[in-house]
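What follows is the residue order along each chain.
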Amino acid sequence: EMCIRDSNKVGSNLNQLARHFNSGGADTEQIRAKLLDELADLTAFRLHAEKVLGELYGNAQAYRL
């Protein structure tokens with residue numbers, strides 16, 4: 001499972017890729033593909049986190065009843 005550390009790593013990678021991409025550096029298409037992969041990973045992390053947090057919240061609400 002991904003954790004906050006993984007999220008920070010993805011964010012750092014995205015920043016590095018964006019800087020290179022915006023500078024017009026070499027291998028722009030490969031950078032674009034890698035950037036899309038990182039965005040997909042970040043989206044998957046977000047969806048997983050929302051699911052887990054939703055389950056935790058739902059369980060907490062159920063125990064209050």
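Everything that follows concerns the structure shown earlier in this document.
About the cut-offs
In this convention, every chain numbers its residues from 1, walking through the sequence in written order. It should be noted that, the model being predicted, local features are given only for residues of pLDDT at least 70 and side-chain atom pairs only at 80 or more, the latter also being counted only at that level, while totals for whole chains, interfaces and linings use all residues. Side-chain figures throughout are based on the complete set of non-hydrogen atoms in the structure, without hydrogens or water. As used in this record, nonpolar core signifies buried Ala, Val, Leu, Ile, Met, Phe, Trp, Tyr and Cys residues forming a set joined through side-chain atoms within 4.5 Å. The buried label applies to any residue whose accessible area, calculated with a 1.4 Å probe on protein chains only, is under 20% of its type's maximum; exposed applies above 50%, and partly exposed to all values in between. Here a helix means four or more residues in a row that DSSP labels H or I, a strand means two or more in a row labelled E, and each is numbered from the N terminus. By definition, a salt bridge exists where a carboxyl oxygen of Asp or Glu is found within 4 Å of a side-chain nitrogen of Lys or Arg.

1. Notes on the nonpolar core
Here's step 1: Counting 5 residues, the largest nonpolar core is built from Val 10, Leu 14, Leu 17, Ile 31 and Leu 35.
Here's step 2: At the level of secondary structure, the elements contributing two or more residues to this core comprise helix 1 (4–22) and helix 2 (28–64).
Here's step 3: Top contributing element to this core by residue count: helix 1, with 3 residues.

2. Some thoughts on the pattern of salt bridges
Here's step 1: This structure, assessed with the given rule, holds 3 salt bridges.
Here's step 2: We note a salt bridge from Glu 38 to Lys 34, for which the minimum N-O separation is 3.4 Å. One end of the pair, Glu 38, and the other, Lys 34, are both in helix 2, 4 residues apart, so they sit about a helical turn from each other.
Here's step 3: A residue is classified by how much of its surface remains accessible, and Lys 34, at 41% relative accessible area, is partly exposed.
Here's step 4: With its nearest N and O atoms 3.0 Å apart, the salt bridge here joins Arg 46 to Glu 50. Remark: Glu 50 and Arg 46 occur in helix 2; sequence separation between them is 4 residues, near one turn of the helix.
Here's step 5: With relative accessibility at 57%, the residue Arg 46 sits in the exposed group.

Take it as geometry only, folks, not as evidence of what the structure does.
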